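# Notes for the structure review
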Amino acid sequence: MWALRRASDPLRSPGFSLGTARACYAKSGISSSCIEDKAVILQSPQIIPDRGLHLLRFYHRTHDSSDFSTGRCGFASQAGAESSGEEDDLEEGFSELEIPDSAEAAKGNIGDDEKEDGLNSEDDLAGDEKVDQLELSGSDTEASEKRSPTKRKFSDLFKAIVSSPALSVHSVLDKWVKEGKDLSREEIAIVMLNLRKRRMYGRALQLSEWLEASKQLDFEERDYASRLDLISKVRGLHKAEKYIQNIPKSFQGEVIYRTLLANCVMAVNVKKAEEVFNKMKDQKFPVTSFACNQLLLLYKRVDKKKIVDILELMEKENVKPSLFTYKILIDTKGQSNDITGMEEVVKEMKAAGIEPDISTQAITARHYVYGGLKEKAEAVLKEMEGGNLKEHRWACRDLLPLYAELGQADEVRRVWKFCESSPRLEEFLAAIEAWGKLKDVEEAEAIFERMSSTWKKLTSKHYSALLRVYANNKMVAKGKDLVKRMADSGIRIGPLTWDLLVRLHVEAGEVEKAESILQKATQQSQMKPMFTSYFVIMEQYAKRGDIHNSEKMFHKMRQAGYVGRLRQFQCLVQAYINAKVPAYGIRERMKAENVFPNKGFAAQLVHVDAFRKTAVSELLD
C-alpha cells in the first residue's frame, strides 16, 4: 500500500500494493487481517499500546479468525471504539483539514466579501459560522471541490427570511409566492448556501420543509439529502435516521447514506458511523472515496490504528485516494510527530500525480513549525508564495499566521503590506491572528477596526478573532468590552463566543466566573456549548484536586451529549489523583461508556484504585 511502503521500495505505480504492506506487517511481527470477501471487524483491546505512527506503516491491530464474519466487507463497532492512545482535541484541536478548504474552489464564484473565511483556526469546526462541509450534489467529488451555484452574493428572499422572526419562515415563503416572486431552483440554491454559511440551519430546515410540503420544488435525491443533513444538525441523528423512512425508495441512494455517515462523523459517533457504512455495503452501494475519507477522518480523531483497515478496504475496492485522503494522512503523521512519515506521504502523493494545493502545503508547514524544523517550514512557505504573491494571493491567509508562528514579524508585515491595499475578509482575520501570536495586541486591534469600517456587517466569527487575542493575552476587561460591542451591534452571541469568554476567564484564573458564564449561556439559549467550554473548566478543577466540581462538569458534559470520550475520564481521574483519594467504580463507569484505557491512562488508574495491590500487601496476603 502506498501509505505503508518501505522508504526503499520503488514507487512502481500510483496505486496501492497490499502485498508490500503485508510484508511490512510480517517483518514487524504484526499480522494483517485477511480481507478477501470478509468483513474487517474493528475491535479495541482493553489496553491500547502507546505507539506512534511509524514511517513505513500505520499500525494495525492483530485479528484472529474468530473476528471475521462472511458475506460483506464492513466495519462493526466494538467496545473501546472511541478509545485511542492519542485522542485528538475533538472540538478544540481540529486542524484546517477537518473542514475541506473551499476558498480555492470559490474563486470567482462569490464576491470578495463573501469568499470562504480562512477555515484554519482551532475553533472553525465548532464555530458560530461554519460553512457546511457536505457535498450534496450526488457526485463523488470531494467537499473541497464544491462550487457555489451563482456569482450573486445574496437574494431578496434570503434577506426576507433572515429578517423575519425565527419560526415564521413558512409565512414569509407563503407571502413570497402569493406576490408572484421568483422561486426558481437557482434562487433556492442561493438562499440555502447563505443560510448554511451562517449556520442558520433551523431556518434552512424550515425552508426545505416548506418546499417539500408545498410541492413548489420537485425533490431530487440531493434535496432529500440536504433535508436529511439539516435534520441531523437541528434535531439529531436519531430524527435524521427516521426521516430516511419517509424518503421515496427510488431516492434512497448512496448520497442519502453518505450524508448520514458524514453527520455521524461530525458527531464523533463511532458506533453509528460504522453501522451506516455497513448498511451502505449491505445495499451494494459503491465504496467511494468520500465514504472512506469520512471514516479516515473519524479514526484520525479517535483511533489512528484503524486507519490502515480503511486503506486496505480502499485497495480491495479499487478506490483511488483523493487529495483529501492524502491530507488526512499527512496531518495524522504530523500530529504523531512523525515528520519523516509525513514527508513520505507527500512524496507518494506526488508520485500518484496529485500536487499539493495551498492548504496541503499549509498543513505540512504547520507541522514543520511545531516540530521545530524552521528551515523546512520556511522552504514550504516560499513554495506557497511561488515567488509572486499576486499570482498566489490565496496563500496569504495561511502565510500570515505561519510566519507569526515562526516569530518572523518582518515577514508578517511584508505579506500584510501586500494585502493592505485591498484586503479580503479572510486576510483581515489571518492578520489579526498573526499579530496576536506575536503579542502585538495594538496592531491586531488596528486591523480589526479597519475590518469593521470596511465591512459593515460582521459576524461573531470576525469578532472572535480579536476576542481570541484578548483571551490568549489575559485581557479580561477588553474581552468583556468587545463582547458588549458585539451585542450592541446586534451580533448573535453563540457557542464560539461563549467558549472564548470561558477561556478568557480561565486564563485569568477566574474559573468560577467562567463556569457562571457557561451556566448563564446555556440557560438563556437552546444552543449547545462546545466541548472545550466544559473541558477547560473541568481541567482547572482537576488541577486543584476539586473532585466535587470536576464531577459536576463531567456530569454537565454528559447532559450536553459529550459522552464516551477518553479525555473526560483522564481529566476526572487526575482530579482524584491530585486529591489523593480513590475513585471507586471508575473502571465500571468507563466500561459502561465503551471507553478503555491506553497504556498511559492505565498507569494513571492504578493510583486511584481503592483495591490495588502493592508489594507489601501481596506479601501479607
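Residues numbered from 1 in each chain as written. Predicted model: local features only at pLDDT ≥ 70, side-chain atom pairs only at ≥ 80, totals over all residues. Heavy atoms only, no water.

Another point: the overall build of the chain. Per the secondary structure count, the chain includes 30 helices and 0 strands. Counting over 621 residues, the chain shows a buried share of 57%. Long-range contacts, defined here as pairs at least 24 residues apart, represent 72% of the contacts in the chain between residues at least 6 apart. (Helix = DSSP H or I, 4+ residues; strand = E, 2+ residues; numbered from the N terminus. Buried < 20%, exposed > 50% of the residue type's maximum accessible area, 1.4 Å probe, protein only. Contact = heavy atoms within 4.5 Å.)

This part is about the UniProt feature "repeat: PPR" (unreviewed entry) in the chain. According to UniProt, the feature "repeat: PPR" (unreviewed entry) maps to residues 322-356 and 459-493 in the numbering used here. As annotated, residues 322-356 has a helix share of 74% and a strand share of 0%, and its two end C-alpha atoms lie 11 Å apart. As annotated, residues 459-493 comprises 74% helix and 0% strand, and the C-alpha atoms at either end are separated by 9 Å. (UniProt positions renumbered as here; feature names shortened; annotations may be inferred.)

Let's shift gears to the packing of helix α25 (residues 531-544) against helix α27 (residues 566-579). Two numbers describe how α25 lies on α27: the axes approach to 8 Å, and their chain directions differ by 20°. As the angle between them shows, α25 and α27 are arranged roughly parallel. Between α25 and α27 the crossing geometry is left-handed. Facing Phe531, Phe535, Met538, Glu539, Ala542 and Lys543 of α25, the residues of α27 in contact are Arg567, Gln568, Cys571, Leu572, Gln574, Ala575 and Asn578. For the contact of α25 with α27, a count of residues per class yields 7 nonpolar, 3 polar and 3 charged. (Axes fitted to C-alpha atoms, helices over the stretch in contact; angles between N-to-C directions. Parallel < 35°, antiparallel > 145°, perpendicular 65-115°, else oblique. Left-handed = near helix turned anticlockwise from the far one by under 90°. Nonpolar A, V, L, I, M, F, W, Y, C, P; charged D, E, K, R; others polar.)

Before going further, it helps to examine the pattern of salt bridges. Two side chains carrying opposite charge are able to pair once their charged atoms lie near each other. Applying the stated rule across the entire model yields 36 salt bridges. Across the salt bridge formed by Lys300 and Asp331, the nearest N and O atoms sit 3.2 Å from each other. One end of the pair, Lys300, is in helix α11 (residues 289-302); the other, Asp331, is in helix α13 (residues 323-335), and 31 residues separate them in sequence. Judged by its relative accessible area of 1%, Lys300 falls in the buried class. Judged by its relative accessible area of 1%, Asp331 is buried. Put simply, Glu317 and Lys316 hold a salt bridge, and the shortest N to O gap is 3.7 Å. We classify Glu317 as partly exposed; its relative accessible area is 28%. Overall, Lys316 belongs to the partly exposed group, its relative accessible area being 33%. (Salt bridge = Lys/Arg side-chain N within 4 Å of Asp/Glu carboxyl O.)

For the rest of this paragraph, the subject is the nonpolar core. Of all hydrophobic cores here, the largest spans 127 residues; its most connected members are Leu298 and Met451. In this structure, Leu298 is in contact with Val265, Val268, Val270 and Ala273, ignoring residues within four places of it in sequence. By size, the runner-up hydrophobic cluster in this structure holds 33 residues, among which are Phe531, Cys571, Phe601 and Leu605. (Core = buried A, V, L, I, M, F, W, Y, C linked by side-chain atoms within 4.5 Å.)

Here we take up the confidence of the model for the chain. Summarising the model, the chain shows a mean pLDDT of 76, and 73% of its residues fall at 70 or more. Every residue in residues 1-151 scores below 50 in pLDDT, and together they form 458 contacts with partners more than four places removed in sequence or on other chains. (pLDDT = per-residue confidence, 0-100.)

What follows is about the packing of aromatic side chains. In this structure the tally under the stated criterion is 10 aromatic pairs. Here the aromatic rings of Phe554 and Phe569 are separated by 5.1 Å at their centres, their planes lie at 65°, and the arrangement is edge-to-face. Placement of the pair is Phe554 in helix α26 (residues 547-559) and Phe569 in helix α27, with a sequence separation of 15 residues. The residues Phe554 and Phe569 share a single accessibility class, namely buried. Positioned above the aromatic ring of Tyr562, the side-chain terminus of Lys528 is 4.3 Å from the ring centre. Residue placement shows Arg565 over the ring face of Phe531; its charged tip is 4.7 Å from the ring centre. (Phe/Tyr/Trp six-rings, centres within 6.5 Å; stacked < 30°, edge-to-face > 60°. Lys NZ or Arg CZ within 6 Å of the ring centre and 35° of its normal.)

Let us now look at a positive patch on the surface. A cluster of basic residues, Lys480, Lys484, Lys513 and Lys520, forms a positive patch at the surface. Mapped by element, the contributors of at least two residues to the positive patch are α22 (476-488) and α24 (511-524). Tracing the backbone shows Lys484 in helix α22. Judged by relative accessible area, Lys484 falls into the exposed class, the value being 53%. (Patch = residues over 30% accessible without salt bridge, like charges linked within 9 Å, V, L, I, M, F, W, Y side chains within 5 Å. Areas by Shrake-Rupley, 256 points an atom, 1.4 Å probe, with all protein chains shown as cover. Lys, Arg positive; Asp, Glu negative; His and termini not counted. Charge placed at Lys NZ, Arg CZ, Asp CG, Glu CD.)

For residues besides glycine, phi is generally negative; the peptide bonds are generally trans as well. Look at Lys215: it is not a glycine, yet its phi comes out positive at around 60°. Mapped onto the elements, Lys215 comes out in the loop between α6 (201-214) and α7 (221-235). With a phi angle near 55°, Val268 is a residue other than glycine that sits in the positive phi range. With respect to the helices and strands, the residue Val268 is situated in the loop between α9 (254-266) and α10 (270-282).

Once that is clear, we can look at the packing of helix α17 (residues 396-405) against helix α19 (residues 425-437). Following both chains from N to C, one finds α17 and α19 inclined at 0°, their axes separated by 8 Å at the closest point. Compared by their axis directions, α17 and α19 come out roughly parallel. Between α17 and α19, the contacting residues are Cys396, Arg397, Leu400, Pro401, Ala404 and Glu405 on the first element and Glu426, Glu427, Ala430, Ala431, Glu433, Ala434 and Lys437 on the second. Grouping the constituent residues of the contact of α17 with α19 by class yields 7 nonpolar, no polar and 6 charged.

What follows deals with the environment of Tyr326. Positionally, Tyr326 belongs in helix α13. Accessibility expressed as a relative area gives 2% for Tyr326, which makes it buried. For Tyr326 and Met349, which are 23 residues apart along the polypeptide, the C-alpha to C-alpha distance reads 6.7 Å.

So, about the environment of Arg199. Here Arg199 is to be found in the loop between α5 (185-197) and α6. Judged by relative accessible area, Arg199 falls into the partly exposed class, the value being 25%. Along the sequence, Arg199 and Lys233 sit 34 residues apart, while their C-alpha atoms lie 9.6 Å from each other.

Between its first and last C-alpha atoms α6 spans 20 Å; for 14 residues at 1.5 Å apiece the expected length is 20 Å, and the two agree. Judged by how many residues are buried, α6 sits mostly within the fold: 10 of 14 residues are covered. Against the buried residues of α6 lie α3 (156-163), α4 (169-178), α5 and α7. One or two positions beyond α6, positive phi appears at Lys215, with a value near 60°. (Expected span 1.5 Å × (residues − 1).)

Attention now goes to the environment of Ile231. Secondary-structure assignment places Ile231 in helix α7. For Ile231, a relative accessible area of 4% puts it in the buried group. Sequence separation of Ile231 and Lys242 is 11 residues, and the distance between their C-alpha atoms is 10.0 Å. When near neighbours in sequence (up to four residues on either side) are disregarded, Ile231 contacts Leu205, Gly236, Lys239, Ala240 and Tyr243.

For helix α15 (residues 358-370), spanning 13 residues, the distance from its first C-alpha to its last is 18 Å, which sits close to the expected 18 Å at 1.5 Å a residue. When α15 is considered as a whole, its buried residues turn out to be Ile358, Ser359, Thr360, Gln361, Ala362, Ile363, Thr364, Ala365, Arg366, His367, Tyr368 and Val369. Among the residues trailing α15, Gly372 stands out with phi positive, at a value near 75°.

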